[in-house]
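Chain and residue survey
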There are 2 protein chains.
Amino acid sequence: MIRIGILGYGNLGKGVEKAVNAASDQELVGVFTRRDPATLKIATEGVKVYSTDDLSNMTDAIDVLIICGGSATDLPVQTPTYAKEFNVVDSFDTHAKIPQHYEKVGSAASSGNKIAVISAGWDPGLFSLGRCYFSSILPEGADYTFWGRGVSQGHSDAIRRIEGVLDARQYTIPVPDALEAVRSGSRPTLTTRQKHTRECFVVAKEGADKDRIEEEIKSMPNYFADYDTTVHFITKEELDRDHSGLPHGGSVIYTGKTSDNASHTLELNLKLDSNPEFTGSVLCACARAAYRMNKEGQKGARTMFDIPPAYLSPLEADELRAKLL
Amino acid sequence: MIRIGILGYGNLGKGVEKAVNAASDQELVGVFTRRDPATLKIATEGVKVYSTDDLSNMTDAIDVLIICGGSATDLPVQTPTYAKEFNVVDSFDTHAKIPQHYEKVGSAASSGNKIAVISAGWDPGLFSLGRCYFSSILPEGADYTFWGRGVSQGHSDAIRRIEGVLDARQYTIPVPDALEAVRSGSRPTLTTRQKHTRECFVVAKEGADKDRIEEEIKSMPNYFADYDTTVHFITKEELDRDHSGLPHGGSVIYTGKTSDNASHTLELNLKLDSNPEFTGSVLCACARAAYRMNKEGQKGARTMFDIPPAYLSPLEADELRAKLL
């Protein structure tokens, strides 16, 4: 059994916990928190909650530490710190800062003879793999990534920060015409506005000026200004009843040619009822790979580009060839 | 530049030739044939056709030999033979015999310190990767593979062997209701008949008994008896005009759960105008990986399960992380 520690118990940490318990070859050693462990109750019976301060005494008890913090401030510190003492997996998703995160985590992991898998999940992660496989096979072509229909937590948070907003949920939605144009193989140039729309469900505080809230949302730079955005005001009861989940998904579509008469459309589609539970499941599969690579004597930073697919599977190599090839 | 040799110049060999010429880091050294080289004219200007007898003198001139023979009788002999002297790639696709092919090719490649990538293409190949990634991430789930709409060359050949048939083309078609049932996440149990239908376009010889031909097709064991089959009689001109391509494709659909309320649908879809050109492109990407793995000192048999995705790409690892992750 591969002994897993989880650092952080938000939505993602809870998703990892479910995935570890579903894996036939993994067991949960403990959940680690920066809060007072006594205040945290986890879903798995019989598994302890520890303080992150306990981690340094548990290097022999944990094979892989899955770090479930946020990319903005947690992971840039946590992953390099713990990669010195543990094989680690994270879901660092600030695309522009991945090269720098890779370098920093790589030095730490190498110095400790550990493996660190960074930026695992579905994007970055499974979608990155789609882009890599498809473009490697068909060099003459173009890739398009669409997200949704799904909840963007960053955009939902941005709406919640507006004065007069009690709660909100934002959905990112691919534009059907854009999907169709891409699938046709015409390799269209698409603006931000042409690719996705944004739909917002907002609970306003009593007496708040809804027109002003709607205007503030639609004109918010980076988040909404470049998109066609729809705003619906609903009650708190409706929000809790109809929008409590965190579904997501999307498509990587690659179109390419091998000759004048031969075009090809390659597509990876995900439809996920729970973004954090699916992401947690990817991290868990990567923890298996990290464990195996380190067992072989490998060390340093890795992304999913570097992991042979067989290392992610609980099946032995000969079973994989017999059953899935 | 990675120096590529192509063994065999049927549809697949021609597809590989196009892919090598499209790759920025590969060059075609020669095409090797068991026929008299003087009788073969290839598409690439300035590249020579050689006899397979010349291969033993060209071990230093070729980095990877892509073997484009058939799985029934060619590859079981050719791949183990040439894996002793060359890094090789093949598309061996007799699923039941893959373990035995892997063993035989692996011994040969190891004895010669070479890498042999077997069973590359899209199924086995890219579809196998879909099954592996999806099931590794979501252990509680089920995978379904659908083929088509596309031309099955084996089934077309089977029809051509019937007395009174001049020419024929057979399409394999997924059943829309089956696709829908699978995508719903209900994990249905589907019979062969429920998953695919077969559509045949047949040119009969003058005076041939069409009713007898249709009956022989529909009742042919293994090939058609277990399917709902439609037979259209058309003229040779219509066949050449409307059915001269070799399109194919299909879908790997995986549905799985992470909790009672969270189901996920993961899908890999390929729509290919030319099956041999796309398969050739996959073999070419695998040749790049074979070359790199062997450069590192690796030897023995590999499948696409064993290849880190980054090894397939012409991009450097840091470019991959910056651009595609």
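Since this is a predicted model, take the numbers as computed values, not measurements.

Moving on to the overall build of chain A. For chain A, the helix and strand inventory stands at 11 helices and 14 strands. Computed over the C-alpha atoms, the radius of gyration of chain A is 22 Å, within 12% of the 20 Å expected from 2.2 N^0.38 for a compact globule of 325 residues. For chain A, the spread of C-alpha atoms along the principal axes amounts to about 60 × 60 × 35 Å. Per-residue burial for chain A yields a buried fraction of 59% across its 325 residues. Counting contacts in chain A only where the partners sit at least 6 residues apart, residues at least 24 apart contribute 68% of the total. Looking at chain A as shown, the accessible area adds up to about 13600 Å², and 46% of this sits on carbon and sulfur atoms. Here chain A holds 36 positive side-chain charges and 44 negative ones, and the gap between their average locations is 3 Å.

Moving on to helix 1 (residues 11-22) of chain A. Residues and elements named next belong to chain A. With 12 residues, helix 1 should reach 16 Å at 1.5 Å per residue; the first-to-last C-alpha distance of 17 Å fits that figure. For helix 1, the set of buried residues is Leu12, Gly13, Gly15, Val16, Glu17, Ala19 and Val20. Taken together, the buried residues of helix 1 touch strand 1 (2-7), strand 2 (26-33), strand 4 (64-67) and helix 10 (275-295).

Our next topic: the environment of B:Thr189. Mapped onto the secondary structure, B:Thr189 falls in the loop between helix 6 (176-183) and helix 7 (192-195). Separated by 45 residues in the primary sequence, B:Thr189 and B:Tyr144 have C-alpha atoms spaced 10.0 Å apart.

The strands making up a sheet associate through backbone hydrogen bonding, with each pair oriented either parallel or antiparallel. Residues and elements named next belong to chain B. The 7 strands lie next to each other as 3-2-1-4-5-6-14, forming an open sheet whose pairing is parallel. Of all strands in the sheet, those bounded by a partner on one side alone are strand 3 (48-51) and strand 14 (300-302). Each strand of the sheet is rotated relative to its neighbour by a mean of 25°, with strand direction disregarded. Bridging between strand 6 (residues 115-117) and strand 14 involves 3 bridges; their strand directions are parallel. Among the inter-strand pairings, alanine 116 is bridged to a residue of strand 14, identified as alanine 301. On top of the sheet, helix 1 (residues 11-22) reaches strand 1 (2-7), strand 2 (26-33) and strand 4 (64-67); it is set at about 160° to strand 2, its chief contact. Taken strand by strand, helix 2 (residues 75-82) contacts strand 1, strand 4 and strand 5 (87-89), and its axis lies near 175° from that of strand 4.

Looking at chain A, pLDDT values average 97 and 100% of them are 70 or higher. Per the prediction output, this complex has pTM 0.97; the corresponding ipTM is 0.97.

Time to look at the packing of aromatic side chains. For any pair of aromatic rings, geometry is given as the distance between the ring centres together with the angle between the planes. Residues and elements named next belong to chain B. Applying the stated criterion to the full structure yields 9 aromatic pairs over all chains. For the pair tyrosine 171 and phenylalanine 201, a centre-to-centre distance of 5.7 Å together with 90° between the ring planes defines the contact as edge-to-face. Linking tyrosine 171 in strand 9 (residues 165-174) with phenylalanine 201 in strand 10 (residues 196-204), this pair joins segments that are 30 residues apart in sequence. Taking the ring centre of tyrosine 171 as reference, the NZ or CZ of arginine 149 above it sits at 4.2 Å. Between arginine 198 and the ring centre of tyrosine 227, over which it is positioned, the NZ or CZ distance is 4.0 Å.

Rules used throughout
Residues numbered from 1 in each chain as written. Chains lettered and ligands numbered in written order. Predicted model: local features only at pLDDT ≥ 70, side-chain atom pairs only at ≥ 80, totals over all residues. Heavy atoms only, no water. Helix = DSSP H or I, 4+ residues; strand = E, 2+ residues; numbered from the N terminus. Rg over C-alpha atoms; globule rule 2.2 N^0.38 Å. Buried < 20%, exposed > 50% of the residue type's maximum accessible area, 1.4 Å probe, protein only. Contact = heavy atoms within 4.5 Å. Areas by Shrake-Rupley, 256 points an atom, 1.4 Å probe, with all protein chains shown as cover. Lys, Arg positive; Asp, Glu negative; His and termini not counted. Charge placed at Lys NZ, Arg CZ, Asp CG, Glu CD. Expected span 1.5 Å × (residues − 1). Pairing = 2+ DSSP bridges. Axes fitted to C-alpha atoms, helices over the stretch in contact; angles between N-to-C directions. pLDDT = per-residue confidence, 0-100. Phe/Tyr/Trp six-rings, centres within 6.5 Å; stacked < 30°, edge-to-face > 60°. Lys NZ or Arg CZ within 6 Å of the ring centre and 35° of its normal.

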